Amino acid sequence: MILIFVSVPYTVFAQEYLLRTQSPVSSCVFSPDGRFFAAAWKNQIAFWDTDSCSVLNVCADYPGDVISIKFSQDSRNLLVVCD
């Protein structure tokens, strides 16, 4: 198990984007402040702005499949657990 902390520096609607991946989502989460939404599948994570519903960033090529993600209390970091 690998733990990776990702800083959340942060345009496609979440549902449409995830349907195009054609992969099951392994984890998704809203930030505690409600400003961001993140979803993980395979070895990728996408971040959305909840106000505009636009993709802000896609992080790819994690060392393994992403199992779980969680925002920090201040919504500035994301904990990533990889297989």
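Residues numbered from 1 in each chain as written. Predicted model: local features only at pLDDT ≥ 70, side-chain atom pairs only at ≥ 80, totals over all residues. Heavy atoms only, no water.

Engineer: What exactly am I supposed to notice about the nonpolar core here?
Structural biologist: Within soluble globular proteins, side chains that are nonpolar generally end up buried alongside one another. Core analysis: the biggest nonpolar cluster contains 14 residues, and Ile-45, Val-66, Ile-69, Leu-78 and Val-80 have the highest contact counts within it. For this core, the secondary-structure elements that each account for two or more residues are strand 3 (36-41), strand 4 (44-49), strand 6 (66-71) and strand 7 (77-82). Each residue touching Ile-69, except ones within four places of it in the same chain, is listed here: Ser-27, Cys-28, Val-29, Ala-38, Ala-39, Ala-40, Ile-45, Leu-78, Leu-79 and Val-80. (Core = buried A, V, L, I, M, F, W, Y, C linked by side-chain atoms within 4.5 Å. Buried < 20%, exposed > 50% of the residue type's maximum accessible area, 1.4 Å probe, protein only. Helix = DSSP H or I, 4+ residues; strand = E, 2+ residues; numbered from the N terminus. Contact = heavy atoms within 4.5 Å.)

Engineer: Looking at this model, I keep getting lost on the packing of aromatic side chains. Mind explaining?
Structural biologist: Summed over the entire model, instances satisfying the criterion amount to 2 aromatic pairs. Geometrically, the ring pair formed by Phe-30 and Phe-37 is tilted, given 4.9 Å between the ring centres and 50° between the ring planes. For the pair Phe-37 and Trp-48, a centre-to-centre distance of 5.5 Å together with 45° between the ring planes defines the contact as tilted. In this pair, Phe-37 sits in strand 3 while Trp-48 sits in strand 4, placing the two residues 11 residues apart along the sequence. Each of the two residues, Phe-37 as well as Trp-48, counts as buried. Ring pairing ties together the aromatic residues Phe-30, Phe-37 and Trp-48, which thus form one cluster. (Phe/Tyr/Trp six-rings, centres within 6.5 Å; stacked < 30°, edge-to-face > 60°.)

So far we have only geometry, and geometry alone does not tell us how the molecule works.
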